[in-house]
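# Fold and geometry: a report
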Amino acid sequence: MFSCVGYAATAADARLGPVKLDRRDPGPDDVQIDILYCGVCHSDLHQARNEWQNTIFPCVPGHEIVGRVAKVGASVTRFHAGDLVGVGCMVDSCRECPSCREGFEQYCEVGFVPTYNGEERQGGGITFGGYSRAVVVDQAFVLKVPEKLDPAAVAPLLCAGITTYSPLRHWKVGPGQRVGIVGLGGLGHMGVKFARAFGAEVVLFTTSASKVADGLRLGAHEVVLSKDAGAMAKERGRFDFILDAVAANHDINAYLDLLKRDGTLVQVGAPETPLPVSVFSLLMKRRNFSGSLIGGIPETQEMLDFCGEHDITADIEMIRMDQIEDAYARMLRSDVKYRFVIDMATMPESV
Ligand SMILES: [Zn+2]
Ligand SMILES: [Zn+2]
């Protein structure tokens, strides 16, 4: 074991603060990473505040990790000290079930090991995330990051990026399709960028007039204010695919009605309470309503490579580690363009 400093919640109502963490020494298949940047995901806040009632304290959040390899175990050949690498929402899985074998570790039938608040398979410790100076991860869950990209702006690709890339790829979004992205936050802004890069005609739906110019700048061809009933009515039956990134409760049927026959709406935002779905909207035009969870390791690598080729990263606001509580408060007000990223050089050297 070696110790390093992390930032943890010690109770649901406690502010995050520095703690000393024990990390396992790298085994034969492990990669030890010095963390440079970590994105701030809404899940971090839910978990730190125990809003899902399953938090193991102390909890060190963070699953949008970019860093450099410090050292590798004896069996690791794909990574070398100094490589720029990433770690997303998963650090392990059973590797034997049909989903794992097909590279869909996020749907592991036993359950994947989350990057924080999970149980390590290498000895039963609790996983601690990226709000930390270092992390040790099995090479099968470490990703190569293109050197040409800004590493801080790559961090959010590891959760927000892959969460939007995966469904757009799975449902084969591309040229000739009219595609809607609902909500312009951490997820939505990546959805706009990817849908545009895949060649679709992209329409952003937002509740706030202040986001129209940004939506266009990020790559949307049109922006529709979803509170404008007349504008919404004009869009009925016109969409091949809609990616809904809104985590708050909202009227899903208003968007299902925008789909063409056989069109698909995929939910990637996760409202806390069940959404009422109009079955009539589904059956009248054989519409599909689905969900999607992050992406598997092979697809996450594919996304990072794609981003390297097409020069795609997240729009970020860099913060110091000790600004995390302010960042959470601003995130709750959707006051971020469009993802906070922690500069890990600002982590205290000691506790
Ligand atoms: Zn996340
Ligand atoms: Zn599995």
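Predicted, not measured: the structure shown is a model, and the values here were computed from it.

Moving on to helix H5 (residues 186–197). Along its 12 residues, H5 runs 17 Å from first to last C-alpha, staying within 8% of the 16 Å computed at 1.5 Å per residue. Of all the 12 residues making up H5, 10 are buried; the element is thus mostly covered by neighbouring parts of the structure. Regarding H5, the residues found buried are Gly186, Leu187, Gly188, His189, Met190, Gly191, Val192, Lys193, Phe194 and Ala195. After H5 finishes, the residue Gly199 shows a positive phi value of roughly 95 degrees.

Looking now at the UniProt feature "domain: Enoyl reductase (ER)" (unreviewed entry) in the chain. UniProt marks residues 9–342 with the feature "domain: Enoyl reductase (ER)" (unreviewed entry), using the numbering shown here. Its end C-alpha atoms 16 Å apart, residues 9–342 is made of 25% helix and 25% strand.

Surrounding the zinc ion (ligand 1) are the protein donor atoms Cys41 (SG), His63 (NE2) and Cys159 (SG), at 2.0 to 2.2 Å. Ordering the donors of the zinc ion (ligand 1) by residue number gives the pattern C-x21-H-x95-C. With Cys41 in the loop between strand S3 (30–39) and helix H1 (42–48) and Cys159 in the loop between helix H3 (151–154) and helix H4 (160–170), this residue pair connects regions lying 118 residues apart in the sequence. With respect to class, Cys41 is no different from Cys159; both count as buried.

Quick look at empty space enclosed by the protein now. Take a probe with the size of a water molecule and roll it over the atoms, and the empty space left behind shows itself. The full count for this structure, using the stated rule, is one cavity of 30 Å³ or more. Size it by volume and the largest cavity reaches roughly 70 Å³. Lining the largest cavity, in full, are Gly88, Cys89, Met90, Leu143, Leu158, Ile162, Ile294, Gly295, Gly296, Ile297 and Thr300. In the lining of the largest cavity, the residues fall into seven nonpolar, four polar and no charged.

Looking now at the packing of aromatic side chains. Here the structure, examined in full by the defined rule, presents nine aromatic pairs. Aromatic side chains Tyr165 and Phe194 sit 5.2 Å apart centroid to centroid with 80 degrees between the ring planes, which places their arrangement in the edge-to-face category. One end of the pair, Tyr165, is in helix H4; the other, Phe194, is in helix H5, and 29 residues separate them in sequence. Residue Tyr165 is classed as buried on the basis of its relative accessible area, which comes to 1%.

A full pass over the atoms with the stated rule returns 26 salt bridges. Measuring nitrogen to oxygen at the nearest pair gives 3.2 Å for the salt bridge that ties Arg178 to Glu222. In this pair, Arg178 sits in strand S10 (residues 178–182) while Glu222 sits in strand S12 (residues 222–225), placing the two residues 44 residues apart along the sequence. Given the relative accessible area of 5%, Arg178 is considered buried. One salt bridge connects Arg330 with Glu317, and the closest N-O pair in it is separated by 3.1 Å. Pair noted here: Arg330 is in helix H11 (residues 324–332) and Glu317 is in strand S16 (residues 316–319), with a separation of 13 residues, a long-range link. Owing to a relative accessible area of 24%, Glu317 belongs among the partly exposed residues under this scheme. Through salt bridges with shared partners, a single ionic network connects Arg178, Glu201, Glu222, Glu235 and Arg238.

Reading the values: the criteria
- Residues numbered from 1 in each chain as written.
- Chains lettered and ligands numbered in written order.
- Predicted model: local features only at pLDDT ≥ 70, side-chain atom pairs only at ≥ 80, totals over all residues.
- Heavy atoms only, no water.
- Helix = DSSP H or I, 4+ residues; strand = E, 2+ residues; numbered from the N terminus.
- Expected span 1.5 Å × (residues − 1).
- Buried < 20%, exposed > 50% of the residue type's maximum accessible area, 1.4 Å probe, protein only.
- UniProt positions renumbered as here; feature names shortened; annotations may be inferred.
- Donors = N, O, S within 2.8 Å, 3.2 Å for Na, K, Ca; no water.
- 1 Å grid on protein atoms, 1.4 Å probe; cavity = no way out; pocket = protein on both sides within 12 Å on 5 of 7 lines; lining within 4 Å.
- Points joined across faces, edges and corners; volume = space filled by probe spheres on them.
- Nonpolar A, V, L, I, M, F, W, Y, C, P; charged D, E, K, R; others polar.
- Phe/Tyr/Trp six-rings, centres within 6.5 Å; stacked < 30°, edge-to-face > 60°.
- Salt bridge = Lys/Arg side-chain N within 4 Å of Asp/Glu carboxyl O.

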